Amino acid sequence: MTARVFSSPAVLLDLAGETLGTSEWHLVAQSTVDGFAQVTHDHQWIHQAGPAADAGPFGGPVAHGFLTLSLLIPMLDGIFRVDGVSAVVNKGVDRLRFTTPVPAGARIRATAVLASARSRPRNFTETVLSVRVDVEGKPRPAYTVDVLMLYQGVATAAER
């Protein structure tokens, strides 16, 4: 899959409501879960491979919800990119809901809809992406979230 390319942030202003695409599948390996636990100091037994997680409520170790959220940016990069920018700022998230655990070893992918886009001061375009992240083979998503992004367009000579 090739990412969609937009020539500038201003192009996004006319695309509100459009589905931007779906990413490739991304493996959430146990080694990734272990590394995230090491960095965040979250070593809860449900994330660790072994008899406790196997006997637990999910039948094996599951990824941290915030690990799967942190994988969103590379998935979005596989869906689209915006050229003609001097900066991209993650402004925040709204309505984050974790709905299905992600088993270690499962694959996830994101589908992004450009919910809104508006012009902001200093040549910024503010976007809201409504994202659904699916777990391969599961009927419900791992999570849904609205992601707020700011894209600062490269100033033209007339704007400088």
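Caption draft 1: Structural context of the side chain of glutamate 126. Within the secondary structure, glutamate 126 is located in strand E7 (residues 124-135). A distance of 2.4 Å separates polar atoms of two side chains, one belonging to glutamate 126 and the other to lysine 91. For glutamate 126, the side chain forms a polar contact with the side chain of arginine 118, separated by 2.8 Å. Excluding residues within four positions of it along the chain, glutamate 126 makes contact with Lys91, Ser116, Ala117, Arg118, Arg120, Met149 and Leu150.

Caption draft 2: Structural detail: the pairing of E7. Counting buried positions along E7 gives ten out of twelve residues, so the element sits mostly inside the fold. Judged from the twelve bridges that link them, strand E6 (residues 106-120) and E7 form a sheet pairing that is antiparallel. Bridging from a neighbouring strand, serine 119 pairs with threonine 125 of E7. The antiparallel pairing of E6 with E7 creates a hairpin that spans three residues between the two strands, and arginine 122 there sits at a positive phi of about 65°. Alignment of E7 against strand E8 (residues 141-153), held across eleven bridges, turns out to be antiparallel.

Caption draft 3: Spatial organisation of the pairing of E6. Where strand E2 (residues 19-22) lies against E6, three bridges are found, and the strand directions are antiparallel. Residue pairing in the sheet places threonine 22 in a bridge with threonine 111 of E6. Across three bridges, strand E3 (residues 26-28) lies against E6 in antiparallel orientation. Paired with leucine 27 across the strands is arginine 107, a residue of E6.

Caption draft 4: The arrangement of unusual backbone geometry in detail. One non-glycine residue, arginine 95, lies in positive phi territory at about 50°. Structurally, arginine 95 is set in strand E5 (residues 85-98).

Caption draft 5: Quick look at the environment of aspartate 134. Position of aspartate 134 among the secondary structure elements: in strand E7. Residue class for aspartate 134 comes out buried when judged on its relative accessible area of 13%. Setting aside its immediate chain neighbours within four residues, aspartate 134 contacts Trp25, Arg107, Ile108, Arg109, Pro141 and Ala142. Among the polar contacts listed, one links the side chain of aspartate 134 to the side chain of arginine 132, at a separation of 2.6 Å.

Criteria and cut-off values
Residues numbered from 1 in each chain as written. Predicted model: local features only at pLDDT ≥ 70, side-chain atom pairs only at ≥ 80, totals over all residues. Heavy atoms only, no water. Helix = DSSP H or I, 4+ residues; strand = E, 2+ residues; numbered from the N terminus. Polar contact = N/O pair within 3.5 Å; in protein donor to acceptor, adjacent residues only side chain to side chain. Contact = heavy atoms within 4.5 Å. Buried < 20%, exposed > 50% of the residue type's maximum accessible area, 1.4 Å probe, protein only. Pairing = 2+ DSSP bridges.

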